[in-house]
Structure formats: structure tokens, C-alpha cells
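Letter by letter, the chains look like this.
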Amino acid sequence: IADNVPVAIFMDDISIFLAYFIWSLTPTAGGQEASTRYIKLNKEGIIDAEMVGENKEDWEGFNHKMFEAYERALSFWERVGKEHPEKSRIPKKILEDKSEKGEKIRKRMERNFAFDRARYFLPVGAKTNMMLLMSARGWVELIKNLLASGPTEAKILATKLQEELALGASRMLKHAREDEFYIREYRKEFEFLQQETRKLLDLEEEIECKASLKVMKSDKLKNPEMELENHKTRYGPIGKGLKLTAVEFSWDAIAMAEIRDLNRHRTGTKNCPLLPKGFYFAEDQVKDQKELLEELNKFKEFGTKANQKAIEELRKGNRNYIYFTCLGSQFEFTHVTTADKFIYEAELRTGIGAHYRYAKHLRDVLELWYEKFPTTRGIILEGSAEPE
């Protein structure tokens, strides 16, 4: 029985994009991925040109330019953190702690502050590592999707996964193959995205990130605050009325950096049409200081040009077009789940150590939730995303 055959596979040196894509296809998997928030990446760490069907010189030239922007942005934010410590939100007691332990904590928090804001210039072709644990049936489904999806790298990984699956679940290999109906579905989606490029606004324009929320309230949800009376931690119990209430929350343009994190929530169904809609690079973090904002704005062209290049490649029919985007490239993102899972995600992604940007995104949706269920404000354990 395929569901009773757990298989763990480590995937090293795959692209940031492919890691995102794999997570989007494996909602039942457990696992981990290297974090761009805590690890500095470099221009040597990009996938090979053959993985994306590009000329080596052109491919490396594009990525090296993006890494140049990343390095410059990292230096910028490191300086901001030192000269304007209030922006890092590092507690005063840590800033003033001169002990060896205090110094280590402060340096780590300063480093994370800079990584969090510089990472938007990282190209999605940068290498990362991940591990997944799921049933043989899950691996079969993943392989079929990777073979059909279009990107060269996805197909190459699929063949390697077939070899690994043969070691632990060889009888499943007959199912882990190309499927014409999967191919047709991905082709249909690609053609839709090509058509949508004709509707795109000028990529130079700022795209406002607008949150939306739809709720299909269960008949069993009579008293929302009573459903949360025993919910004292984010892992605490929630009543059945909320568990039976369907929720759809979405944003019309958020950065891939945040989508990667939000996408890893296991429950429900996510949708992210891979069509760039603007570029985010943490400019809102210094909007109150004109000189800093002007300096940071000089980096913007890197992200905008990346989006423009991706759109050009998409229009030409290049199935590897997405590799010309970066973590600041914005896309539409929708998640359909149940209210209890939404509440958990909102509490987690606004809690201690949460990345500042997805904390904002979840707060925006929570405000829409409170409009519908005002008595749950103060009961839902919304955090302030204080640095960890």
C-alpha cells in the first residue's frame, strides 16, 4: 500500500524556485529548506545554465548582476541597522549588553535584520537545499507533476527522483512517469499566462498589495469567541464551528520571498499564477528618511529589469522564463483552507521572530477577519513580530 511506504529524500543544489514549486505540490509532506533569512548566498551558488536551457555567459551575466544588487543592498541594510538601531527593533537591553553572550545575540539580530531586507534581490536561480519526507504515493504525484510542468530543471530532478524512489518503492516506478493529461493541464496554464501578459500594466508602476478575505460560515458556528475559549496558545484547541468554516484569503501582489514561506503551510489549496506584478525591495522600511530612500531606490532597476526580462521570455514561449525573476518579484497568491488553520497561520506569522513583511500581510487579512467577527479581536493571539 503506497501510503504505508514513507520515503525521505534530500535534494541538494536545486534552485530557490524549484524548492518553492515542490512545496506547492506536496501539501502532505514534512521537511525543511535552507533559509535566505539566516544564510548569506553568493554568485557562485547558482544552478547551471543547462538547467534552464540558457547560454552560460548570458545566464551567469544576469545572475551576477542580481547578486551585485543583493551585495549592495546587504551593505546598505547593515549600515542602516548600525546607524539607525531603532529600525531593527532590537531591544535596548540587548544593544546595551556588552557581555560576550550579548554581543553574539546583537550581531545575530543585526545580521538577520539585513538579510531580511536584502534578500529581495536574490535571483530565484540561486541554489538551495531541501529535504522531504512523504509516502511513496506522494513522490509519484510529485514526479508526474515535475515531468509535465515545463521547466528543464524540474524534468531533470524528476529523473533523479525516479532513481531514488527505485531504492525504497520500486513497484511504484511504473506510475512515476509522464502523463499526457498532466502535460495538457500545464500547457493550458502556460498559455493562459501568455495571454495575461497582454493585460499587464507598466512594470515601472508601484503595485499596491491589497488583501482579500472570503468566509463560508458553517451553520455550526454560532459564537466565534466561545470557539476560542480554550485556545490559549497557537497550538491550543479550536471549536468545531471554526474547523468547519471555509476561508479564502489572498493578496493581489506579494513578493516571492514571502510566498515561499506562506506556501509551506500544509493545509488547503494554494494558487499562485506565475506572472510578475511589480517588485518589492523593502523601500517602505526607510520611507520616513529621504536620503536613505533615495539611496535604496538606486537598486530598484535591478528588480524591475528582471521582471521585464521574465515577461519577454514568457511572451516568447520560454518555459524557463520564471528563472529571470527574483525574490522581490511580486505575484498574486491565494490560499483556501478552514478557519482554524487560518487562525494558526495568522498567529504564527505575526508572532515572535516572524519576518516583518509577511507579518504585515497576515495583519491585513486579520483586520478583514475582525470586520466579520469583531468579538474575536484580542482572543486570536496576534503577535507583534518582535525580533527573536
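Relevant structure appears above.
Residues numbered from 1 in each chain as written. Predicted model: local features only at pLDDT ≥ 70, side-chain atom pairs only at ≥ 80, totals over all residues. Heavy atoms only, no water.

Draft legend 1. Examining the side chain of His84 more closely. If you trace the backbone, His84 turns up in the loop between helix H3 (56–83) and helix H4 (85–88). Residue His84 is classed as buried on the basis of its relative accessible area of 17%. (Helix = DSSP H or I, 4+ residues; strand = E, 2+ residues; numbered from the N terminus. Buried < 20%, exposed > 50% of the residue type's maximum accessible area, 1.4 Å probe, protein only.)

Draft legend 2. Layout of the packing of aromatic side chains. Here the structure, examined in full by the defined rule, presents 23 aromatic pairs. When the ring of Phe17 is compared with that of Phe21, the centres are 5.9 Å apart and the planes differ by 10 degrees; the resulting orientation is stacked. You can see Phe17 and its partner Phe21 sitting in helix H1 (residues 16–25), four residues apart, about one turn around the helix. Residue class for Phe17 comes out buried when judged on its relative accessible area of 5%. When the centroid spacing of 6.1 Å and the interplanar angle of 85 degrees are considered together, the rings of Phe121 and Phe299 count as edge-to-face. Pair noted here: Phe121 is in the loop between helix H6 (100–118) and strand S3 (127–135) and Phe299 is in the loop between helix H13 (290–297) and helix H14 (300–315), with a separation of 178 residues, a long-range link. The exposure class assigned to Phe121 is buried, which follows from its relative accessible area of 0%. Three or more aromatic residues link up through ring pairs in this structure, and these residues are Phe17, Tyr20, Phe21, Trp59, Phe62, Tyr186, Tyr323 and Phe324. Here the basic side chain of Arg117 rests over the ring of Tyr356, its NZ or CZ set 4.2 Å away from the ring centre. Here the basic side chain of Arg349 rests over the ring of Tyr358, its NZ or CZ set 4.7 Å away from the ring centre. (Phe/Tyr/Trp six-rings, centres within 6.5 Å; stacked < 30°, edge-to-face > 60°. Lys NZ or Arg CZ within 6 Å of the ring centre and 35° of its normal.)

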